[in-house]
Amino acid sequence: AIMATLFIGYLTLRRVFARGVLFTVGCGLAIFGNLLRALFLSLSAAKHGIESVDEVHDAAGWGILAFTVVGVALAAFIIQRLENKLRVLQEQSADE
């Protein structure tokens, strides 16, 4: 998630601060997603036995990966729009 977040930030954002915000959001999403995955696997093991974890482990991992990628892409889109609005405001104030 860290490398993907850095890559997406490099491609879509101009300011280092905006890239740092995206990096922080990406790390937060990855940690939160992995906590959800661990909770899901623990509950699955408690309800159906430890053997059931083998059946759902990969699907849970792929699901969290998708969650993180979509979240980072959405965050990059929002930050990029804010960055563009800030640039327009700065250009308008410089013209005055």
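Use the structure listed above.
Residues numbered from 1 in each chain as written. Predicted model: local features only at pLDDT ≥ 70, side-chain atom pairs only at ≥ 80, totals over all residues. Heavy atoms only, no water.

1. Thoughts on helix α2 (residues 16–48)
Then, number 1: With 33 residues, α2 should cover 48 Å at 1.5 Å per step; its first-to-last C-alpha distance of 47 Å lies within 8% of that length.
Then, number 2: Taken as a whole, α2 has its buried residues at A18, L22, G26, L29, A30, G33, L41, S44 and A45.
Then, number 3: Those residues of α2 that are buried lie in contact with α1 (2–12) and α3 (52–95).
Then, number 4: At the exit of α2 stands G49, carrying a positive phi of roughly 100°. (Helix = DSSP H or I, 4+ residues; strand = E, 2+ residues; numbered from the N terminus. Expected span 1.5 Å × (residues − 1). Buried < 20%, exposed > 50% of the residue type's maximum accessible area, 1.4 Å probe, protein only. Contact = heavy atoms within 4.5 Å.)

2. Some remarks on a negative patch on the surface
Then, number 1: On the surface, E51, D54, E55 and D58 cluster together into a patch of negative charge.
Then, number 2: Position of E55 relative to the elements: it lies in helix α3. (Patch = residues over 30% accessible without salt bridge, like charges linked within 9 Å, V, L, I, M, F, W, Y side chains within 5 Å. Areas by Shrake-Rupley, 256 points an atom, 1.4 Å probe, with all protein chains shown as cover. Salt bridge = Lys/Arg side-chain N within 4 Å of Asp/Glu carboxyl O. Lys, Arg positive; Asp, Glu negative; His and termini not counted. Charge placed at Lys NZ, Arg CZ, Asp CG, Glu CD.)

3. Here we look at the environment of L89
Then, number 1: Within the secondary structure, L89 sits in helix α3.
Then, number 2: In this structure L89 comes out as exposed when scored by relative accessible area, which is 53%.

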